[in-house]
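The residues making up each chain are set out below.
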Amino acid sequence: MNPDDLLDPLLQPGLKGFPHGHRPLRCSEVDELGWHVLAGDLPLPLAVLHREALEHNLDWLQRQARRWGVDLAPHGKTTMSPQLFARQLDAGAWGLTFANVTQLAIGVAAGARNTLIANQVFDAVDLAGIQHLLQAHAGLRVVFLVDSAAQLSRVEDWFASQPGAAPFEVLLEMGFAGGRTGCRSPGEALALATRLKSSPAVRLVGVEAYEGLLAQGDDAADAASAGALMGDVASVVQQAHAAGCFSGTEVLVSAGGSALFDLVATRLVPSIGVPVRGLLRSGCYLAHDHGFYRRMVHRVEGRLGCACDASLRPALEVWALVQSCPEPGLAILNAGKRDVSFDLGLPVPVWRAPHGALRPTAAPEGWSITALNDQHAYLRFDPAGDAAPPVVGERIALGISHPCTTFDKWHWMPIVEADYRVSGAVTLHF
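As a starting point, this report considers the structure included with it.

### Remarks on the pairing of strand E19 (residues 412–416)
Okay, step 1: Within E19, 5 of the 5 residues are buried, which leaves the element mostly enclosed by the surrounding structure.
Okay, step 2: Neither face of E19 is exposed, since Trp412, Pro414 and Val416 on one face and Met413 and Ile415 on the opposite face are all buried.
Okay, step 3: Where strand E3 (residues 46–50) meets E19, 2 bridges bridge the pair, whose relative direction is parallel. Looking at E19, one finds that His50 is bridged to Val416.
Okay, step 4: Two strands pair when backbone bridges link them, and E19 and strand E20 (residues 422–427) are joined in this way by 5 bridges, in the antiparallel orientation. Considered in E20, the bridge of Pro414 is made with Ala425.

### Points about helix H5 (residues 124–136)
Okay, step 1: For H5, spanning 13 residues, the distance from its first C-alpha to its last is 18 Å, which sits close to the expected 18 Å at 1.5 Å a residue.
Okay, step 2: Residues of H5 that are buried: Leu127, Ile130, Gln131 and Leu133. Relative to the axis of H5, the buried residues are bounded by an arc of 160° and lie together on one face. Turned more than 90 degrees away from the buried face of H5 sit Val125, His132 and Gln135, all of them exposed.
Okay, step 3: At its buried positions, H5 is contacted by helix H4 (101–109), strand E6 (114–120), strand E7 (141–146), helix H6 (149–160) and strand E8 (168–174).

### Re unusual backbone geometry
Okay, step 1: Note the cis peptide between Leu44 and Pro45, where omega equals 10°.
Okay, step 2: Although it is not a glycine, Met80 adopts a positive phi angle of roughly 45°.
Okay, step 3: For Met80, the location among the structural elements is in the loop between strand E4 (71–72) and helix H3 (82–90).

### Focus on the side chain of Ser254
Okay, step 1: By the secondary structure assignment, Ser254 is in strand E10 (residues 251–255).
Okay, step 2: Polar contacts involving the side chain of Ser254 include one to the main-chain carbonyl oxygen of Leu279, which spans 3.0 Å.
Okay, step 3: In this structure the side chain of Ser254 is engaged in a polar contact, spanning 2.8 Å, whose partner is the side chain of Arg281.
Okay, step 4: Ser254 has contacts with Leu116, Leu171, Val207, Glu208, Ala209, Leu268, Leu279 and Arg281, leaving out every residue within four places of it along the chain.

### So, helix H2 (residues 51–68)
Okay, step 1: Taking 1.5 Å of rise per residue, the 18 residues of H2 would be expected to cover 26 Å, and the 26 Å separating its terminal C-alpha atoms lies within 8% of that figure.
Okay, step 2: Among all positions in H2, only Ala53, Leu54, His56, Asn57, Leu58, Trp60, Leu61, Gln62, Gln64, Ala65 and Trp68 are buried.
Okay, step 3: Packed against the buried residues of H2 are E3, E4, H3, helix H9 (261–265), strand E11 (276–280) and helix H10 (292–304).
Okay, step 4: Backbone geometry just downstream of H2 places Gly69 in the positive-phi region, at approximately 75°.

The rules we used
- Residues numbered from 1 in each chain as written.
- Predicted model: local features only at pLDDT ≥ 70, side-chain atom pairs only at ≥ 80, totals over all residues.
- Heavy atoms only, no water.
- Buried < 20%, exposed > 50% of the residue type's maximum accessible area, 1.4 Å probe, protein only.
- Helix = DSSP H or I, 4+ residues; strand = E, 2+ residues; numbered from the N terminus.
- Pairing = 2+ DSSP bridges.
- Expected span 1.5 Å × (residues − 1).
- Arc of directions from axis to C-beta.
- Contact = heavy atoms within 4.5 Å.
- Polar contact = N/O pair within 3.5 Å; in protein donor to acceptor, adjacent residues only side chain to side chain.

In structure tokens:
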């Protein structure tokens, strides 16, 4: 995989949102063309990223992590964008996190050298893929999760059949009852740590957990559940260290989704008498959203003593056209499930721009998206209200809920300035 082609790839007609009939061009050429989202230069629907919000979010969480005394290893599955990976690393991220080896290969080609796979790896083709990447890239570090003796046995069987393979670095995953993966008790985790210590196929370098599935949006409940999980993590780290289970010069302790990251960040560096590197894996912070994560981060702001919207800012919007107004109180937009996320809430209208207008105004408060089809959104409004109703040809910007499942619906996105002038582009590799 050529890093130059990955970081500065070719854009061409056939990509959703790319101008029809335009000559193919490199990402790096986009800012020279003078495109403007509201001037009709790009076909709608179109997902855009606001440069200023991206840069603000990058800086805010990086500075906050430093205050907590931890490092960032942002989850790359959110965007799968080599250009955005480079921005995260340039902003000071220790490394990047991925969900599988296919994603990992994209991140490594984009320049990541400290990497986590926040998932269990054991299949032969994936283990071989990791070994190939380690051999091809000097200084690369790949760490994945282990949560059972059954998984470890699969890794050991493969390792024994591959003379010359390097032992894999792993984190022991701590889970909770009713959750996803991970050991269900400290006792189970410590028994597995002992097995990992004696295995020639792996090197245990730390402990990991994921608290995001515990989020309820209630401060007391969230603090209690996240605190209990991180208490188990600290206990396992301390006891595993005392038993000599860890390899290397430092112990990695990792947690942190994008909803309760403040509740785990201060618990990532337990005192055990040797260096501990806390790794926060939040991924959605970069683009943030207008829905689920905005609500959850408002709770974070309250716990941190910040004013609302003082931390992260929504950077991602999807612009659509009003294509039909078939009955009073209903407008149909030309964006749907193929264009916007809907798994954690429907999109919300945030801006409107009449045909020919280069500056948007705020969408009326009473407007809402009530349903999506594959290529259509149902915009409902009060036809007797004070606001002018939407009309055919008007442009509507939709704020989304859950950026992960909007990014995966696009192959590229323009980066825009505050006035919607296009100043760059990123590509997405799902």
